[in-house]
Amino acid sequence: MVRGDAKPILENIEVEVDRIRELNRNAFTNILLMQKHDKHIHLRSSLSCLTLLSVLVGRYLRRGGDNTNRDWLVLSKGHAAPALYAILAEMGSIPRAELSKINGIDSMLQNHTELSVPGVDFASGSLAQGISFAIGIAAWIKRVGGSGRVFVVLGDGEQDEGQVWEAITHAVALNLDNLIVLVDMNGRQLDGKTDEVKPKHYIPFVWKAVGWRVLWADGGDVVSLIMALEEALESDKPVVIFAQTHHIDVAFGVEHVGNAH
Amino acid sequence: MSATLIDTSSFRDVFGELLVEIGKEAGEVVVVTADVGKSTRAYKFGELFRDRYFNVGISEQHMVSFAAGLASVGAIPIVTAFASFMMRAWEQIRNSVARMNLNVKIVATHAGYSDHADGASHQMLEDIALMRVLPNMSVFVPADVYDLRRCFKRLVLDVRGPVYMRLGRDYSPHITRDLDYECELGKAQVLREGHDVAIMGSGVVLHEALIAAEELEEMGISAAVVNILFAKPLDVETIVRIARKTGRVVTVEEHMVYGGVGGAVAEVLAQTYPVPMKILGSTSFGRSAKSQKELIEYFNLGRRSIVKACLELVGHGNR
């Protein structure tokens with residue numbers, strides 16, 4: 001199904017890509033700043049999904065309008081909260097000065113998101129609940145005929161949770177065409193490489209078999225993500241974009257990042 | 001007070017009727033269930049309001065987080081499943097619902113010993129403790145279907161924020177049918193005045209408490225009976241007032257003795273007006289039986305156990 005007229009996607013695309021890249025670079029600097037002030041932030045998981053979030057927030061997320069006519073962003077892999085804060089500071093949603101206070105006793109920025117932070121749609125920290133939550137939002141928007149779209153950022157390790165299975169099968173049953181999931185395929189979970197903890201190479205095929213439209217992207221590349229998202233927005237069923245991000249810490253030049261827990 | 005009459009009204013049948021009523025009244029009310037639409041009577045809502053009825057399949061964890069999403073965007077979801085399996089989603093209730101203080105109404109049916117035939121797996125005796133401990137959560141335990149009728153619409157439409165409603169399956173003896181009171185969040189009701197001992201409790205076992213009070217009266221002991229409709233927020237004022245008057249408190253509930261209504265009453269009295277107490281409840285998992293009433297007696301929550309506990313307190317107190 002083609003929605004609306006042939007949008008001039010490529011018009012001013014270089015300017016747009018440059019703008020998002022700059023947002024991404026500045027957000028990266030913000031994450032390093034937060035890490036300087038608090039070693040407990042989840043650095044690797046924040047970096048691996050940073051470009052996904054920069055593209056989503058920088059180009060797609062429409063925040064105006066009432067609850068059913070605006071877009072929602074659910075960071076299901078909540079330990080990447082610093083990545084979201086880094087971008088929200090760039091967008092002017094939260095004061096830049098808050099960043100260095102992260103995890104402080106009087107700071108609004110918690111290590112996992114809370115609703116009290118402007119620009120945060122979901123209180124995260126417990127894996128897999130975000131995708132179910134997002135499906136609830138998308139279901140009600142669809143029922144009332146709202147124009148809001150729901151974007152979810154999910155981890156690859158997160159998919160060990162059984163609730164993801166419960167959720168993705170339901171999304172297809174509801175035929176949610178206003179739901180887009182981006183999977184941050186960074187190849188890591190808390191105890192090590194995802195393949196060593198529990199292999200996950202079959203996961204995209206599970207989503208496909210269940211009835212999702214499955215797309216792929218280079219999660220560190222702004223252009224690749226834009227192409228995938230433009231295609232996803234045309235879909236008449238729920239879409240998942242598997243974004244390869246295992247190389248991202250190398251790309252940002254911060255190899256051998258340890259765990260925060 | 002016709003305490004000895006047994007009503008044929010069933011908790012789940014009344015719940016189904018109330019869903020239909022509220023569905024007609026409020027377009028933002030939606031019902032979410034996990035393949036127990038028939039057993040909970042939620043299907044009655046689904047028959048009339050197909051586009052506001054979500055059966056998510058056998059997926060309690062997803063059901064709760066999904067409902068949280070519905071609530072965050074403006075719907076008023078009523079989530080319903082058996083109490084036992086609702087607790088499978090305890091952590092979802094904690095993190096997706098209570099932590100965001102979302103307007104989700106959780107209706108847990110088949111609580112206590114009400115699913116008498118299905119035995120230990122289905123007999124939820126820990127839920128009051130598990131729900132009471134959560135910040136932002138209110139916990140409603142109706143004594144009978146009349147309490148449910150009084151409170152349901154008010155708790156769904158007038159109270160913003162999460163509420164846990166603990167219902168039995170069918171058995172609902174007359175306890176409050178002839179009483180005239182308005183439902184108010186956090187308000188307990190004195191079912192019977194007395195000055196020697198107070199029996200405080202929640203749910204259908206209050207039927208046993210009322211009969212116990214009559215038997216005690218024949219022995220010359222005046223027993224008050226208090227219906228604690230809300231395990232949270234607790235009616236501290238009424239509990240302390242009655243404890244001051246009677247000087248002795250027996251609590252009774254179809255729930256573990258740990259962390260339930262008895263525990264809640266003890267927490268309050270220990271810190272304000274300590275009196276001798278006995279907490280009647282379960283100390284083990286349940287089992288299969290022919291009726292809920294049989295289980296209530298078997299697990300020492302019946303009239304005889306209540307009378308015995310009251311006599312022990314009266315004998316040892318400073319009467």
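What counts as what
- Residues numbered from 1 in each chain as written.
- Chains lettered and ligands numbered in written order.
- Predicted model: local features only at pLDDT ≥ 70, side-chain atom pairs only at ≥ 80, totals over all residues.
- Helix = DSSP H or I, 4+ residues; strand = E, 2+ residues; numbered from the N terminus.
- Rg over C-alpha atoms; globule rule 2.2 N^0.38 Å.
- Buried ≥ 20, exposed ≤ 12 C-beta atoms within 10 Å, placed from the backbone.
- Contact = placed C-beta atoms within 7 Å.
- Domains from an automatic or database assignment.
- Nonpolar A, V, L, I, M, F, W, Y, C, P; charged D, E, K, R; others polar.
- Axes fitted to C-alpha atoms, helices over the stretch in contact; angles between N-to-C directions.
- Parallel < 35°, antiparallel > 145°, perpendicular 65-115°, else oblique.
- Left-handed = near helix turned anticlockwise from the far one by under 90°.
- Pairing = 2+ DSSP bridges.
- Core = buried A, V, L, I, M, F, W, Y, C linked by C-beta atoms within 7 Å.

**Here we look at the overall build of chain A**
Counting its secondary structure elements, chain A contains 10 helices and seven strands. Taking 2.2 N^0.38 as the reference for a compact globule, 261 residues should give roughly 18 Å; the C-alpha atoms of chain A span a radius of gyration of 17 Å, in line with that estimate. The principal-axis extents of the C-alpha atoms in chain A amount to approximately 50 × 40 × 35 Å.

**Observations regarding the overall build of chain B**
Broken down by element type, chain B carries 13 helices and 12 strands. Projected onto its principal axes, the C-alpha positions of chain B cover 60 × 40 × 35 Å. Considering chain B as a whole, with its 319 residues, one finds that 60% of them fall into the buried category. For chain B, the proportion of contacts with a sequence separation of at least 24, taken over those separated by at least 6, is 80%.

**Some thoughts on the domain arrangement of chain B**
Residue and element names in this part refer to chain B. Domain parsing of chain B yields domain 1 (11–166) and domain 2 (189–313). One C-alpha centre belongs to domain 1, the other to domain 2, and the line joining them spans 26 Å. Taken together, the 24 residues of domain 1 in the interface contact 29 residues of domain 2. Taken together, the elements giving at least two residues each to the side of domain 1 that touches domain 2 come down to α7 (127–132), β5 (138–140) and α8 (145–158).

**A few points about the interface of chain B and chain A**
How big an interface is tends to be stated in terms of accessible area lost as the parts join. The interface of chain B with chain A comprises 23 residues on the first partner and 21 residues on the second. Those elements that provide at least two residues to the side of chain B that touches chain A are α4 (60–72) and α6 (90–98) of chain B. Here the element with the most residues in the side of chain B that touches chain A is α4(B); it accounts for nine residues. A per-class count over the side of chain B that touches chain A returns nine nonpolar, 11 polar and three charged.

**Remarks on the packing of helix α1 (residues 11–25) of chain B against α8(B)**
All names here are of chain B. At a closest axis distance of 10 Å, the pairing of α1 and α8 adopts a crossing angle of 30°. The angle between α1 and α8 places the two elements in the roughly parallel class. The element α1 and its partner α8 pack so that their crossing is right-handed. On α8, the residues touching F11, V14, F15, L18 and I22 of α1 are V145, L148, R149, F152, K153 and V156. Grouping the amino acids of the contact of α1 with α8 by side-chain chemistry returns nine nonpolar, no polar and two charged.

**Structural notes on the sheet that holds strand β3 (residues 76–82) of chain B**
All names here are of chain B. Taking strand neighbours across the sheet as the criterion, the seven strands line up as β2-β1-β3-β4-β6-β5-β10 in an open arrangement whose pairing is mixed. Among the strands making up the open sheet, the edge pair consists of β2 (53–55) and β10 (230–232). Neighbour-to-neighbour, the strand axes of this sheet turn through a mean angle of 20°, independent of strand direction. Judged from the four bridges that link them, strand β4 (residues 105–109) and strand β6 (residues 163–166) form a sheet pairing that is parallel. Looking at the pairing, A108 lines up with R166 of β6.

**Here we look at the sheet that holds strand β3 (residues 179–185) of chain A**
Sheet strands pair by backbone hydrogen bonding; their relative direction is either parallel or antiparallel. Residues and elements named next belong to chain A. Taken in spatial order, the five strands make up an open sheet running β1-β2-β3-β7-β6, and their pairing is parallel. The open sheet has two edge strands with one neighbour each: β1 (72–75) and β6 (213–218). Within the sheet, the average angular offset between the axes of one strand and its neighbour, ignoring direction, is 20°. Relative to strand β7 (residues 239–244), β3 is paired through six bridges, and the arrangement is parallel. Within β7, the residue paired with M185 across the bridge is Q244. Taken strand by strand, helix α9 (residues 222–233) contacts β3, β6 and β7, and its axis lies near 165° from that of β6.

**Quick look at α6(B)**
Within an α-helix, residues lying three or four positions from one another point in the same direction, as the helix has 3.6 residues per turn. Along α6(B), seven of the nine residues are buried, which leaves the element largely enclosed by surrounding structure. As for α6(B), its buried residues are in contact with α5 (129–144) of chain A together with α4 and β4 of chain B.

**Some points on the nonpolar core**
Grouped together as the largest cluster of nonpolar side chains are 189 residues, with contacts concentrated most on A:A134, B:I199 and B:C310. Each of domain 1 (11–166) and domain 2 (189–313) of chain B contributes no fewer than three residues to this core.

**Some thoughts on the pairing of β1(A)**
Residue and element names in this part refer to chain A. Neither face of β1 is exposed, since W72 and V74 on one face and L73 and L75 on the opposite face are all buried. One ladder, built from four bridges, connects β1 with strand β2 (residues 150–155); its direction is parallel. Of the residues in β2, the one forming a bridge with V74 is V152.

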